[in-house]
Amino acid sequence: MSTQSTRAAARLMVAPSVILLFIWMIVPLAMTIYFSFRFYRLLSPDRTGWVGFNNYLWFLNSPDFWTAIINTLLLVGGVLIITVVLGVLIAILIDQPIWGQGPLRILVISPFFVMPPVAASIWENLFMHPQNGLLAAVSLGFGWEPILYLEAYPLASIIFITSWEWLPFATLILLTALQSMSSEQLEAAEMDGASAFSRFRYLVLPHLSRAITVVILIQTIFLLGIFGEIFTTTQGGPGNASTTLPYMIYKQALIAKDIGRAAAGGIIAVILANIVAVFLMRAIGKHLDA
Amino acid sequence: MARTVTTRRKIAYTAAAWAVGLIIFFPVLWTILTSLKTEASAVASPPEFLGADWTLQNYADVWARSDYPRFFWNSVVISVGSTLLGLAIAIPAAWSMAFAPGKRTKDLLMWMLSTKMMPAVGVLIPMYLLFQRTGLFDTRTGLILALMLMNLPIIVWMLYTYFKEIPGEILEAARMDGASLKNEILYVLTPMAIPGIASTMLLNIILAWNEAFWTITLTTVNAAPLSAFIASFSAPQGLFYAKLSAASTMAIAPILIVGWFSQKQLVRGLTFGAVK
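Scoring rules and cut-offs
Residues numbered from 1 in each chain as written. Chains lettered and ligands numbered in written order. Predicted model: local features only at pLDDT ≥ 70, side-chain atom pairs only at ≥ 80, totals over all residues. Helix = DSSP H or I, 4+ residues; strand = E, 2+ residues; numbered from the N terminus. Buried ≥ 20, exposed ≤ 12 C-beta atoms within 10 Å, placed from the backbone. Rg over C-alpha atoms; globule rule 2.2 N^0.38 Å. Contact = placed C-beta atoms within 7 Å. Axes fitted to C-alpha atoms, helices over the stretch in contact; angles between N-to-C directions. Parallel < 35°, antiparallel > 145°, perpendicular 65-115°, else oblique. Nonpolar A, V, L, I, M, F, W, Y, C, P; charged D, E, K, R; others polar. Left-handed = near helix turned anticlockwise from the far one by under 90°. pLDDT = per-residue confidence, 0-100. Bend = angle between axes of the 7 residues up to and from the residue. Core = buried A, V, L, I, M, F, W, Y, C linked by C-beta atoms within 7 Å.

1. Notes on the overall build of chain B
Right, so step 1: For chain B, the count of helices and strands is 12 helices and 0 strands.
Right, so step 2: The helix and strand sequence of chain B, counted from the amino end, reads α-α-α-α-α-α-α-α-α-α-α-α.
Right, so step 3: Taken over the C-alpha atoms alone, chain B extends approximately 75 × 75 × 35 Å along its principal axes.
Right, so step 4: Counting over 276 residues, chain B shows a buried share of 46%.

Rendered as C-alpha cells:
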C-alpha cells in the first residue's frame, strides 16, 4: 500500500530517535570498554597505560564482587516476589464489591509517585530510626528493644523500602487486568462447585499471566539500576552488606576514583544485564503486540 | 436474607481493602502529619497523633532558609524540558512506526526497549567525563539531554501504542474527500492523537521528576533538582524531623497530584498497551 516516497519519509521520521539512542548507547559504551583496559586513577593522573584484563581480574577477584552480585539478585528477586505475590492478593481484594474503590485506588498508588530518595529518607528517619522512628516507638510500646533496621538488616530493609515503592505499581496493573476479566466465567465456575482456590488457580491466575509478565519486565528494568534508595540510606554498608553491583561501581568511580576498575565493573554489569535482557525479551516479546 | 449476607460481605471486604490501602498509604500520611508538627512534637515519645502542636512554620522555614525554590525550579525545568524535547523527537518516529510500519518496526521497538536494560552505572564514567569536558556538567541543559535520552524509548513506545489505535481508515476517508496532507494532520490526526500525547507527557514528567541517578551524579549545586536536595538532607539526628518532612512533602506533593490524575493512563502507558 505504501509507496516508495512514504517509505522514505517514514525512515526519515524514525531516524532521529534511532540515531540519538544509538549514539547514547554506543559512545559511552565504547569509552567504557576503552577505559576498562587502561590504568586510569584520578588520584594519580601521571600514570597511564594499558593494563590488559587487570581491571577485570581485580573486579572479579574482589571479595565484594560476589557479595554485590548476590545482593543485586536478592534485591531484584526479593522485590519481584514480594510485589507480585502481595500485588495479586491486594488486587483481588480491591476487585471485590467494595465502597469507595476510586479513592482507594488513589491511596494505594500514591507511594509509586514518591521519588526514591524521599521514600528512602522517610523510611530511614521517620520509621526505622532507632531512637525517634515510629517503628522504634512501636517496639518500645510492646516492651521490646528497638531494632536497628538499617544497621542490622540493611539489605532486607532496602528490599522492604523498594517493595513499598513498587507494590502500588504491581497492584494497579494487576487490578486493571482483573477488571477486564469476565465475571460470567467465574460465576459459572462457582455454580459448578469449583472451590475458591481452584477458581483462582485455573481461571484468575492464567488470566493474569500476561499482566504478571509485564510487571516483571518493567520492574526488572528499573530494579536493576536501583541507586537512590541505597545512596540515601546505607551507602552500601555496613561494610558491603547492602552493596549491589551498581553501587559497587559507583563507589569505585566516584569515591575510590579508580576509573579503570569502575569501567571494568560497568562492562561486567552491562554483560550481565544483557543476559537478563535477552532472557526477558524472549519471554515477553510475544506479550507485547508490536 | 441473601441481601443482608451480601451487604455484610461488602462491609467486610470494604473494611479489609481500606485497611490494606491505609497501611500502604500510611508512610505518606505520617510524613505530611509530621511536617505539620513542631520539632519537639515530631520526635515526642510516645508519638503524638491528635494532641500534637500543629504549625505551618516548617514550610515557611524550609522555604526561607534552604534553597528549596531553586531545587524545585530545577526539577520543573528538567522534567518538563526533557519530556517536551523527547516528545518532539519521538512523535515523528512513533507516528511513522504506527502508520507506515516496515518489516523491522517490531525489532526496532524491541531494540529501543532493550537500551533501557543497560545499567546506568555501566556508562556513568564516560557520561561524567563527557559532561565535564563539554561543560554540560551541573547544567540544566545537560540533565534535560540525559533524561530525555533515558526516557526516549518509553516515550516512543507509549506514543506508538496510542497512535496504533487511531483507525487508518479515517485517513483514507479524509484523503478521498480531498484533504491535503497539512489539513489531514491538522484537523484529522492531531485531535485524535492529543489524548495519547497528553498521557505520555504526564507519565514522563513523573518519571523524570523522580529520576535519582543522573540527577544526583551529574550535578553538584547549580542544576541540582529535588532528588539531590532530599538525598543531601541525610542524618538529621532527630533535630529536623518536621523540616525534613515538610521538605519531603513539598518534593512529592506536585507529582503526587499529577499522578492521581494520570493513574488510569499509567497502567496502559507503562505496560506499553499490554494491559488496559
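Don't stop here, the text continues.
2. Observations regarding the overall build of chain A
Right, so step 1: Of the regular secondary structure elements, chain A holds 13 helices and 0 strands.
Right, so step 2: Taking 2.2 N^0.38 as the reference for a compact globule, 290 residues should give roughly 19 Å; the C-alpha atoms of chain A span a radius of gyration of 24 Å, well beyond that estimate.
Right, so step 3: In terms of its C-alpha atoms, chain A occupies a principal-axis envelope of roughly 80 × 75 × 30 Å.
Right, so step 4: Out of the 290 residues belonging to chain A, those deemed buried represent 45%.

3. Some thoughts on the interface of chain B and chain A
Frequently, the measure chosen for interface size is the accessible area that the parts lose on association.
Right, so step 1: Each side of the interface is counted separately: chain B has 85 residues, and chain A has 86 residues.
Right, so step 2: Those elements giving two or more residues to the side of chain B that touches chain A turn out to be α1 (2–35), α4 (68–99), α5 (105–115), α6 (124–134), α7 (140–163), α9 (181–209), α11 (226–231) and α12 (241–270) of chain B.
Right, so step 3: In terms of residues, the side of chain B that touches chain A owes the most to one element, α1 of chain B, which gives 16 residues.

4. Regarding the packing of helix α8 (residues 154–179) of chain A against α12 of chain B
Right, so step 1: Packing of α8 of chain A against α12 of chain B brings their axes to within 10 Å, and their N-to-C directions diverge by 80°. Accordingly, the angle class assigned to the pair α8 of chain A and α12 of chain B is roughly perpendicular. Between α8 of chain A and α12 of chain B, the residues in contact are L172, I173 and T176 of chain A and Q263, L266 and V267 of chain B, respectively.
Right, so step 2: Split into classes, the residues belonging to the contact of α8 of chain A with α12 of chain B amount to 4 nonpolar, 2 polar and no charged.

5. Regarding the packing of α4 of chain B against α7 of chain B
All names here are of chain B.
Right, so step 1: At a minimum axis separation of 6 Å, α4 and α7 run at an interaxial angle of 40°. As the angle between them shows, α4 and α7 are arranged oblique. The two elements α4 and α7 cross, and the hand of that crossing is right-handed.

6. Description of the environment of L203 of chain A
All names here are of chain A.
Right, so step 1: Mapped onto the elements of the fold, L203 is located in helix α10 (residues 196–223).
Right, so step 2: Here the alpha-carbon distance between L203 and Y247, two residues 44 residues apart in the chain, equals 42 Å.
Right, so step 3: The contacts of L203, once residues within four sequence positions are left out, are Q185, L186 and A189.

7. A word on the confidence of the model for chain B
Right, so step 1: The share of residues in chain B with pLDDT of 70 or more is 95%, and the mean pLDDT across the chain is 83.
Right, so step 2: ipTM for the predicted complex: 0.85, alongside a pTM of 0.87.

8. Quick word on α7 of chain B
Right, so step 1: At N151 of chain B, α7 of chain B shows its strongest bend, of approximately 45°, with the proline P153 of chain B following within four residues.
Right, so step 2: With 22 of 24 residues buried, α7 of chain B is to be regarded as a mostly interior element.

9. Describing unusual backbone geometry
For residues other than glycine, phi is negative in most cases, and the peptide bonds are mostly trans.
Right, so step 1: In this model, D138 of chain B sits at a positive phi of 60°, which is unusual for a non-glycine residue.
Right, so step 2: Along the chain, the position of D138 of chain B falls in the loop between α6 and α7.

10. Looking at the nonpolar core
Right, so step 1: Core analysis: the biggest nonpolar cluster contains 158 residues, and I173 and L174 of chain A together with V156 of chain B have the highest contact counts within it.
Right, so step 2: In terms of residue count, α7 of chain B provides more of this core than any other element does, 18 residues in total.
Right, so step 3: Setting aside anything within four residues of it in sequence, one finds I173 of chain A in contact with A211, V214 and V215 of chain A together with V267, T271 and V275 of chain B.

11. Re the confidence of the model for chain A
Right, so step 1: With 96% of its residues at a pLDDT of 70 or more, chain A shows a mean pLDDT of 85.
Right, so step 2: The spread of mean pLDDT over the elements of chain A runs between helix α7 (residues 149–152) of chain A, the lowest at 81, and helix α3 (residues 63–95) of chain A, the highest at 93.

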